[in-house]
Amino acid sequence: ASCELSNAEQLAVAIQSLYEDLVAPIAATGHVVDVIAMCGNHDRESFDRFTVNPGRYYYTFTVYTALQLICQKVGLKNVNFTIPSDGYHVYEIFGSHYLVEHGDLVGKPTMASLEQQINKRSVQVDKLIKGIRIGHFHNDIVGSMGRYIVNGSTVSDDHYGGGLGFKSRPCQLINYYVETDRDNPYYHTLVVNL
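Residues numbered from 1 in each chain as written. Predicted model: local features only at pLDDT ≥ 70, side-chain atom pairs only at ≥ 80, totals over all residues. Heavy atoms only, no water.

Enquirer: Before we go on, may I ask you to explain the sheet that holds strand S5 (residues 129-134) in this structure?
Expert: Backbone-to-backbone hydrogen bonds join strands into a sheet, with any given pair of strands oriented parallel or antiparallel. Spatially, S3-S4-S5-S7-S6 is the arrangement adopted by the five strands of the open sheet, whose pairing is mixed. Edge positions in the open sheet fall to strand S3 (88-93) and strand S6 (141-143), since each of these has one partner strand only. Adjacent strand axes in the sheet meet at a mean angle of 15°, parallel and antiparallel pairs treated alike. For S5 and strand S7 (residues 148-150), the ladder comprises three bridges, and the chain directions are parallel. Opposite Ile-132, over in S7, you have Tyr-148 as the bridge partner. Sitting on the sheet, helix H4 (residues 111-125) is in contact with S3, strand S4 (96-101), S5 and S7, with an inclination near 120° to S5. (Pairing = 2+ DSSP bridges. Helix = DSSP H or I, 4+ residues; strand = E, 2+ residues; numbered from the N terminus. Axes fitted to C-alpha atoms, helices over the stretch in contact; angles between N-to-C directions. Contact = heavy atoms within 4.5 Å.)

Enquirer: Please explain the pairing of strand S2 (residues 79-82) as it appears in this structure.
Expert: Working note: regular strand, side chains alternate between the two faces of the sheet. Across the two faces of S2 the burial differs, with Val-79 and Phe-81 buried and Asn-80 and Thr-82 not buried at all. Both strand S1 (residues 33-36) and S2 contribute to a ladder of four bridges, which runs parallel. Each residue of the ladder has a partner; that of Val-35, found in S2, is Phe-81. (Buried < 20%, exposed > 50% of the residue type's maximum accessible area, 1.4 Å probe, protein only.)

Enquirer: I tried to follow the packing of aromatic side chains on my own but got confused; where do I start?
Expert: Tallied over the full model, the rule gives three aromatic pairs. Look at Tyr-177 and Tyr-186: their rings are 6.1 Å apart centre to centre, the planes differ by 75°, and that puts the pair in the edge-to-face class. Both residues of the pair, Tyr-177 and Tyr-186, count as buried. Among the aromatic residues, those joined into a cluster by ring pairs are Tyr-91, Tyr-98, Tyr-177 and Tyr-186. The side chain of Arg-121 reaches across the aromatic face of Tyr-88, ending 4.0 Å from its centre. (Phe/Tyr/Trp six-rings, centres within 6.5 Å; stacked < 30°, edge-to-face > 60°. Lys NZ or Arg CZ within 6 Å of the ring centre and 35° of its normal.)

Enquirer: Teacher, can you tell me more about the pattern of salt bridges here?
Expert: Where charged atoms from two side chains of opposite charge come close, those side chains can pair. Summed over all chains, the structure comprises three salt bridges. Glu-115 is paired through a salt bridge with Arg-147; the nearest N and O atoms lie 2.5 Å apart. Note that Glu-115 is positioned in helix H4 and Arg-147 in the loop between S6 and S7, a separation of 32 residues in sequence. The closest approach of N and O atoms between Asp-183 and Lys-130, which form a salt bridge, is 2.6 Å. Residue Asp-183 is found in the loop between strand S8 (171-177) and strand S9 (186-193), and its partner Lys-130 is found in strand S5; the two are separated by 53 residues along the sequence. The exposure class of Asp-183 is exposed, given its relative accessible area of 60%. (Salt bridge = Lys/Arg side-chain N within 4 Å of Asp/Glu carboxyl O.)

Enquirer: Looking at this model, I keep getting lost on the nonpolar core. Mind explaining?
Expert: Generally speaking, soluble globular proteins have nonpolar side chains that are buried together. Within the largest apolar cluster, 14 residues are counted, with the highest numbers of intra-cluster contacts made by Val-63, Tyr-64, Leu-67, Cys-71, Val-79 and Phe-81. Per-element tally for this core: the top contributor is helix H1 (residues 7-27), with five residues. The next biggest cluster of nonpolar side chains, apart from the first, holds 12 residues, and it includes Tyr-88, Leu-99, Val-106 and Tyr-148. (Core = buried A, V, L, I, M, F, W, Y, C linked by side-chain atoms within 4.5 Å.)

Here it is, written out as structure tokens:
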């Protein structure tokens, strides 16, 4: 509500920018792009958190569904979307499980709090989770050989974040994994500055 654009305009700009500036250029490399489209904490119409199917009730559902449709209509066969109904998602790569969620429920981006969230979700889904991927903190962090990855933000500083003392780096992280005999298939994180 405190933005220079209406919610409807923000949705339109987000769809266009995410497609033109991120998804399409990466897809043009020919690599398979797996998009796990998570809801956040600034994409709902009320201040209160939805506890039932937030991934379908938040505005990001519209953004992600539109992006998925655009990718299908232009024929991008190497872009796959997962749009979870829950506020978190566990996905598998080469036999290892990774947790993705927005990150607002983590508390702080410390190793202890990230590890606590991994342990909590591991018990919840009854799977050994090898790493966590979150956003929320508007700055990128990669630690412990990819066990902890905090994504950047799609926007730079704003007055709210600046007032709280945040220093945002507008970027998105692209994670690479390889099939290997090692315990962890995580290989590398590429930072895309926006």
